[in-house]
Amino acid sequence: MVSLDIGADAILTLRYLPPYLDSDERAYLDALARIGERAEPYVLLTIFGGRRALSQAGEREQALWFKATKARLSQFCQACAIIRPDADEKTAEIFRRLWPFPIIAGREEEAGRAFLLQHQAAVP
């Protein structure tokens, strides 16, 4: 199940967790689109339950989203925490090559939120 919560505290929380639904891929891609439309500062918490595979069309759409929104995300996203069952420093390094903002990857949501709170001071 996919959800995107946009908190009053400017923390965007994208969850992609069980139970998985047939509609998850579309919901995930739509959530990415909503994130890409943001035009004010925020921090991003992504929480994934371990399901990885998008369809080939989904992977393509996600890649196009990255390309189309890179400048806007680089401007407005102040930090990102990636929470996955298999996340580690190598995961963070991969995403740091893609984005200019601080990124942490780990397995604990609380650690991710603490990281974001450190960087949220820059968010009005």
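Here's a quick rundown of the structure. (Residues numbered from 1 in each chain as written. Predicted model: local features only at pLDDT ≥ 70, side-chain atom pairs only at ≥ 80, totals over all residues. Heavy atoms only, no water.)

Taking burial as the measure, the six residues of strand β2 (residues 11-16) include five buried ones, the bulk of the element. Where strand β1 (residues 2-6) meets β2, five bridges bridge the pair, whose relative direction is antiparallel. Within β2, the residue paired with Leu4 across the bridge is Leu14. Linking β1 to β2, which pair antiparallel, is a turn of four residues; within it Ala10 sits at a positive phi near 65°. Handedness of the crossover joining β2 and strand β3 (residues 42-48) through helix α1 (residues 24-37): right-handed. (Buried < 20%, exposed > 50% of the residue type's maximum accessible area, 1.4 Å probe, protein only. Helix = DSSP H or I, 4+ residues; strand = E, 2+ residues; numbered from the N terminus. Pairing = 2+ DSSP bridges. Right-handed = clockwise from strand over helix to strand, strands pointing away.)

Another aspect to go through is the pattern of salt bridges. Applying the stated criterion across every chain yields a total of eight salt bridges. Residue Asp5 is joined to Arg15 by a salt bridge in which the shortest nitrogen-to-oxygen separation is 2.7 Å. You can see Asp5 sitting in strand β1 and its partner Arg15 sitting in strand β2, a full 10 residues away along the chain. Arg113 is paired through a salt bridge with Glu109; the nearest N and O atoms lie 3.1 Å apart. Placement of both Arg113 and Glu109 in helix α4 (residues 109-120) is noted, with a separation of four residues, approximately one turn of the helix. Because the salt bridges share partners, they merge into one network encompassing Asp5, Arg15, Glu109 and Arg113. (Salt bridge = Lys/Arg side-chain N within 4 Å of Asp/Glu carboxyl O.)

Here we come to unusual backbone geometry. Following Pro18, the chain continues to Pro19 via a peptide bond in cis, the omega torsion being 0°. Mapped onto the fold, Pro19 is located in the loop between β2 and α1. A positive phi angle, close to 65°, is found at Ala10, a residue other than glycine. Within the secondary structure layout, Ala10 lies in the loop between β1 and β2.

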